[in-house]
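This is what each chain is made of:
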Amino acid sequence: MKKIGVYDSGMGGLSLLARLIRDMPSYDYIYYGDAANAPYGEKSREEIQSFARKAVKELITLGCESLVIACNTATSAAEDILREEFDLPIFGMEPAISRAMASRDKGTLLVLATSFTLNSPRFIKSAKNFENQRKIIPMPGPTLVRLVEDSIVEGEEIRQELEKMSQGIDLHTVDGIVLGCTHFLFLEKEIQRFFGPHVKIYDSHGDTLALIDNGLGRGQGGGSYRLISSAGKDREEKSQWMLENYLRELR
Ligand code: DGL
């Protein structure tokens, strides 16, 4: 099992691809970013499912033998139907909130994700399970997704948007933040700077990677990646730049 398809609405999943390249280097990855239809976060389940079907068909045509849905939104919307409709191993994003709940912290937890993810039964159920443990505030960030799609990952625009998103929240009580959208991993440094060094940031990239590693085992040979965007060449070049920068920071 060598070729792995990695799929996201746009740039976000590159943050998971970077970890796959670093930690599971002996595979050939084909990354499909559906930038022509991004952002997914405000779209309907049916629309996201139909984008996901198209992406998976394309990845299968290109020879992928397994699929990673490197997008929390597409995982919530389409993981089940993709499993029913396609005969290949499929890995979705693990729910990012679980990691935060394993900690014993009691302060307010902000969950940054798309509106679709935050309204999904999966998220509502996990948030309910933990509501006695600490206060959870869902925080959708569609503008942040757009900024990352434009390769803006630091600076004033990000800070201003975080400011806007935090209005009405007593930030003194916040001691944890969940990054429940793969795009937001690119903003981790700015998010930490904005909320302060005492705030713990959680994501599920490590857990998701562990599942993929367990499911597929170590690859043999290979060791390549190719980036495809439904929005064309220019996007593919931007994705390459984002991935290289991110890989440099990660290594
Ligand atoms: N990267 C996506 C996620 O993890 C979604 C961003 C979007 O397209 O709205 O949820």
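Scope of this entry: the structure provided in the associated data block. (Residues numbered from 1 in each chain as written. Predicted model: local features only at pLDDT ≥ 70, side-chain atom pairs only at ≥ 80, totals over all residues. Heavy atoms only, no water.)

1. Examining the overall build of the protein chain
Along its length, the protein chain carries eleven helices and nine strands. A globule of 251 residues ought to have a C-alpha radius of gyration of about 18 Å, and the protein chain, at 17 Å, matches this closely. Viewed in the frame of its principal axes, the protein chain has a C-alpha envelope of about 50 × 35 × 35 Å. Expressed as a percentage of its 251 residues, the buried residues of the protein chain come to 56%. Long-range contacts, defined as pairs at least 24 residues apart, comprise 78% of the intrachain contacts of the protein chain with a sequence gap of at least 6. Element-wise, carbon and sulfur atoms account for 48% of the exposed surface of the protein chain, whose accessible area totals about 11400 Å². Here the protein chain contributes 31 positively and 36 negatively charged side chains, and the mean placements of these two sets differ by 3 Å. (Helix = DSSP H or I, 4+ residues; strand = E, 2+ residues; numbered from the N terminus. Rg over C-alpha atoms; globule rule 2.2 N^0.38 Å. Buried < 20%, exposed > 50% of the residue type's maximum accessible area, 1.4 Å probe, protein only. Contact = heavy atoms within 4.5 Å. Areas by Shrake-Rupley, 256 points an atom, 1.4 Å probe, with all protein chains shown as cover. Lys, Arg positive; Asp, Glu negative; His and termini not counted. Charge placed at Lys NZ, Arg CZ, Asp CG, Glu CD.)

2. Some thoughts on the pattern of salt bridges
What the rule picks out here adds up to 15 salt bridges. Arginine 22 serves as the salt-bridge partner of aspartate 23, at 2.8 Å between the closest nitrogen and oxygen. Across the salt bridge formed by arginine 53 and glutamate 85, the nearest N and O atoms sit 2.7 Å from each other. Of this pair, arginine 53 sits in helix H2 (residues 45–61) while glutamate 85 sits in helix H3 (residues 72–85), and the two are 32 residues apart along the sequence. For arginine 53, a relative accessible area of 26% corresponds to the partly exposed category. Salt bridges linked by common partners bring Glu156, Arg159, Glu190 and Arg193 together as one network. (Salt bridge = Lys/Arg side-chain N within 4 Å of Asp/Glu carboxyl O.)

3. Looking at the layout of surface pockets
Put simply, the largest pocket is a space of about 340 Å³. Taken together, 17 residues make up the lining of the largest pocket; nearest its centre are Val153, Phe186, Lys189, Tyr246 and Glu249. Mapped onto the lining of the largest pocket, the elements with two or more residues apiece are helix H9 (188–195) and helix H11 (233–250). Sort the elements by how many residues they give to the lining of the largest pocket and H11 lands first, with six residues. (1 Å grid on protein atoms, 1.4 Å probe; cavity = no way out; pocket = protein on both sides within 12 Å on 5 of 7 lines; lining within 4 Å. Points joined across faces, edges and corners; volume = space filled by probe spheres on them.)

4. A word on unusual backbone geometry
For the bond from alanine 38 to proline 39, the omega torsion is -5 degrees, close enough to zero to count as cis. Here proline 39 lies in the loop between strand E2 (28–33) and H2. Phi at serine 151 takes a positive value of approximately 65 degrees, unusual for a residue other than glycine. Within the secondary structure layout, serine 151 lies in the loop between helix H7 (142–149) and helix H8 (156–165). Of the residues examined, serine 151 reaches a relative accessible area of 15% and is grouped as buried.

5. Considering the packing of aromatic side chains
For the structure on display, the rule yields six aromatic pairs. Consider the rings of tyrosine 40 and phenylalanine 51, whose centres lie 5.3 Å apart with planes at 25 degrees: the pair is stacked. Within this pair, whereas tyrosine 40 is found in the loop between E2 and H2, its partner phenylalanine 51 is found in helix H2, the two being separated by eleven residues in sequence. For the pair shown, tyrosine 40 and phenylalanine 51 are each scored as buried. (Phe/Tyr/Trp six-rings, centres within 6.5 Å; stacked < 30°, edge-to-face > 60°.)

6. A look at the sheet that holds strand E7 (residues 174–179)
The strand order E6-E5-E7-E8 describes an open sheet built from four strands, whose pairing is parallel. Each edge of the sheet is formed by a strand with only one pairing partner; in this case those strands are strand E6 (136–140) and strand E8 (200–202). Strand after strand, the sheet turns through a mean of 20 degrees between neighbouring axes, direction not considered. In terms of strand pairing, strand E5 (residues 108–113) meets E6 through five bridges, oriented parallel. If you follow leucine 112 over to E6, its bridge partner there is methionine 139. Sheet strands in contact with H9 are E5, E7 and E8, and its direction is about 165 degrees off that of E7. (Pairing = 2+ DSSP bridges. Axes fitted to C-alpha atoms, helices over the stretch in contact; angles between N-to-C directions.)

What is shown is where atoms sit, not what they do.
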